[in-house]
Structure formats: C-alpha cells, structure tokens
Amino acid sequence: MKTTDSIVLPTSQSDTALLRRVAVVETVCLAVAALIAVAILFAWFVSGARAWYPDGWYLMKFDTASCVLLSAAGLAMLSNGSSSLRTWAGRGLALLVMLLAVLALYEHASGRSTGFDTLFVADTTSNKPGLMSVQTAVYFLLMALGLLLATVQGHRAGVAVVTLTVLLTLHALIIFSGYCFDAAQLFGQSMSTRTSPHTLACMLLLAIALIGWRMQLGYFPVLVGTGLGSRMARQVLPLAVLLPFVLMLSSTALAGAGWLSPKVALGLTIAVLAAALGVLVSLMGRRINALEQDLHDLSLMDESTGVLNYRGFELLGEQSFREARRSHHAVALLVFSVESVRELNEREEYDAGTHLMQDFAVILKASFELADIIACTGSDEFAVITKDENTGGVIALMRVGETVESLNTADRPHKIRFSVGEAISDPDSGESFHHLIERAGLRQRERRRVERVFGGEGEEGAARSSSDTARHA
C-alpha cells in the first residue's frame, strides 16, 4: 500500500493478519455507507420508487447523500492509492465534499440561499429545501480536511489527520447522544433540517473506515498492536464507549416509565457507572500485574533448559543464602560442569550440546527437591543450592550419577560426562554468597585434575565416580 506517511508498518505475521482484518472492516464500512447513499440518491432522482422507501428517508438530503458517496469513494481511492491518478482523484472528491459542506455552513450563517442545494433535484419536504444540518456540514468539512491532509507528506500531516479523525468520531458520538436523550439541538436545527438516523449511520461507518485506514499506516498503534496492552484496549474500548450510553438510556427509560424519579435515576446511573469503571480498572490492574510477573519470571529463566538463568541464580540464591544464615542453617552449593557439551561445542555440534544441556537439566530437576534452586549458569554449567545441610546433597548427587549411568548405557549418540564441585556454607563465618560460589568452583577445578569425570570410563567409572562424589561431599 502506497502512502506518504513516514510511519514504520508492522512486519510480524500476527500484525499482518490483524491489519488484513482491519482492511476488510474498512472495505465493508465504505461499501455499506456507499450503498445507503446510492439508495437515497436513487429515491431523489426516481420519484416512483419513493413509495418503497421507509418514512423519513428524505431527511438525508441530496447533498448529504452526495457527500457520503463522495467521501466513501475518495477514502477508497486514497487508501488504495497505488498510482498518482488515484491520489489526484481522491483529492478532487475531497474538494467536492468540502465545497458542499462550506456552502451549507455559509447558508446557515448568512441566511441566504445559494440555490446549489436544489440545483439537481427539488425538495418540497423542508422549509429550507435541500439544506443539510449544521452538524452534518461540520462533519463532512472535517472529513474533507482529513482526506486532503492525508495526501500531504510528513509526520505532522499524519498527526493532523489523526486529530481530525478523533474530532469527527467525537462529533458523530455527540449527534448519537442527541438522539439517545432527545436533545434536538445536538442533531439539527428543525425536524426537517437535521442529521437523520441513516445519515448518522453513514457518519459512523465512514469514521470507522477512516480509523481503519490510519491504523494500517501505523497510527493508533495501541489499537493495532499485538501486545497485551493492545489486546486489552481493543476489548475494553467498545465497553468504555457503549457503557455510558446503555446506562443512561436505561435510567431514562425507567424514569419515563415512572418507576424512578429523574434524580434517583441519575444518581443510580452515576453509581453503577462508577462501580463498573472501578471493576474494569481492577481487572486491568490484575492483568497487568500478571503480565509483570510473567515478565519477571521470563527475565530469570533460561528458555532452553527451563531452569533459572545466572541472573535468577544470583537473585534467588543469595536470598536463600541470607535466609539460611539468619536462621543459623547451612546450605550446600553444587556446581556441575557438563564436559561433553564443551567437547561438542568445540566440534561445532551446538544442537547436540543444547540437547545434552536440556537432558541434564531434566536430570537435576528430577534428582533434587522442589525447594532447591537449580540454575543454568553458563553454556556448559549448572549450579544447585540445596538446604540439605546434613549430607550436602549427597543423596541427590547419587541419584544424578545413577540416572546419568542409566542414560549412558542406553543407545545414545552422545554420552553425558560431567564434573561437580561443592561447598557448604558456614552460617557463623560471615562469608558472602559470592565467596561460596568461588569455593565451589575451586573445588570443582581441583577434582577435575585428580579424577575422571562421571561417565567417562563406562559403567565401572560411572559407579566409582558416584561413590567418590559421596565421599568428597
């Protein structure tokens, strides 16, 4: 889609799918508005067909129907402006809409007739033949300005179009509220010169189409995005717009039926609206809190292995270390180095190394308790903090060794070989958590120099390594 706006369009598949749906909605709105306008124009030209039309069709004047049709055609050409011819045609149609709107406003302001309103067809249904209401003329003036500015290059022009779009949407809602609450001053100057219901329907359709077009160009990002905030905005916005109308219409109906006095109806409406908005804000806050927690968890987790990453290890590990020291208990820190992963990475078999790390993470989670802290602290390294101060995690280490031995005896393309270092904290020594990490790493390096890693010598070597680990711990 060609555009003069300097906005970056969404590129993800989900964004593209959403924009396609927006484009479909825009097309449908333009088509329905154009069909209504064509039907009204047909009735103005062919008097014999008017008997088939519902009462009040003539309240959409000939010029009003022309503005609807011209606006729909101009917006369609500009939103699909793949050529300069379409762009210039869209500008021309917008200028015609502006001319009709300005002439109507001039007649209302000066009280003089220009004769343009009945130039094509006569209108005997009004004391001001063919003249659209002030509200209708203002709407189409805003629409014409929006279409014309949409052809101007630059971000400021785009922002101006968005501002005009918001204004004409607000204008249509004001007219709608006038009908809802029988405020004639909001939708016309007289019963024969007013914004008709079918004109109002066309206004809302054109406004939706214009918003849809701007969304496709990257404006109204909160409505077109695929994030949680955008999804919430799309769900909440219709409710926020319709709820006040529904409540006020309900209270007006109750007051009109004599069930409630006007003051009581107004008070109940305000109370219910405040409660509804309070519930809505609470639900949004709850959803945002859940998102914040998800983001927090995501920032602490290693996506590949499903355990904590180094940041999560530092945060939760130090918290566990301090809690144990305050209660005068020891914690055991175990540092595992998966030697076979290092060798695979040196041979550039990164996928195989990733699978081994995932397998080892599963082994650790199955061998240690749920309360223990398990983290992937490097490309080939894991760390575990356990509060098993009596044995220093020896039982869990034995389970790890047995599981690794069982896996290595199976038909696997790559064997798991690892070394481990351990350190047990002294709650009365005053050492820091990072010093405990250094002790565990030093112990691991010392052991790597004096013994083969687990699984390196077949079943016998694996069994001997497991017993060695229990003895060292």
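Preceding this section is the structure that the text describes.
Because the structure is a prediction, the values reported are computed rather than measured. (Residues numbered from 1 in each chain as written. Predicted model: local features only at pLDDT ≥ 70, side-chain atom pairs only at ≥ 80, totals over all residues. Heavy atoms only, no water.)

Novice: Teacher, can you tell me more about the sheet that holds strand β3 (residues 381–386) here?
Specialist: Sheet strands line up and pair through hydrogen bonds in the backbone, either parallel or antiparallel. Pairing within the open sheet is antiparallel, and its four strands lie in the order β2-β3-β1-β4. The open sheet has two edge strands with one neighbour each: β2 (373–378) and β4 (418–424). Going from strand to strand, the sheet's axes swing by 20° on average, the running direction of each strand aside. Note that strand β1 (residues 332–338) and β3 share six bridges and pair antiparallel. Bridge pairing in β3 places Ser337 opposite Glu381. The sheet contacts of helix α11 (residues 339–346) involve β1 and β4, and relative to β1 the element is tilted by about 35°. Strands β1, β2, β3 and β4 of the sheet are contacted by helix α12 (residues 350–367), whose axis makes an angle of about 10° with β3. (Pairing = 2+ DSSP bridges. Helix = DSSP H or I, 4+ residues; strand = E, 2+ residues; numbered from the N terminus. Axes fitted to C-alpha atoms, helices over the stretch in contact; angles between N-to-C directions. Contact = heavy atoms within 4.5 Å.)

Novice: How do you make sense of the environment of Ala366 when you look at a structure like this?
Specialist: Along the chain, Ala366 falls in helix α12. Note on Ala366: relative accessible area 64%, which makes it exposed. Taking C-alpha positions, Ala366 is 8.5 Å from Val400, a pair spaced 34 residues apart along the chain. (Buried < 20%, exposed > 50% of the residue type's maximum accessible area, 1.4 Å probe, protein only.)

Novice: Whenever I open this one, the environment of Leu308 confuses me. Can you help?
Specialist: Along the polypeptide, Leu308 turns up in the loop between α9 (262–300) and α10 (310–326). According to the relative accessible area criterion, Leu308 is buried, its value standing at 11%. Between the alpha carbons of Leu308 and Phe382 there is a distance of 9.5 Å; along the sequence they are 74 residues apart. If we ignore the near neighbours within four places in the chain, the residues touching Leu308 are Leu300, Met301, Asp302, Phe313, Leu316, Ile373, Ile374, Ala375 and Cys376.

Just distances and angles here, no functional claims.
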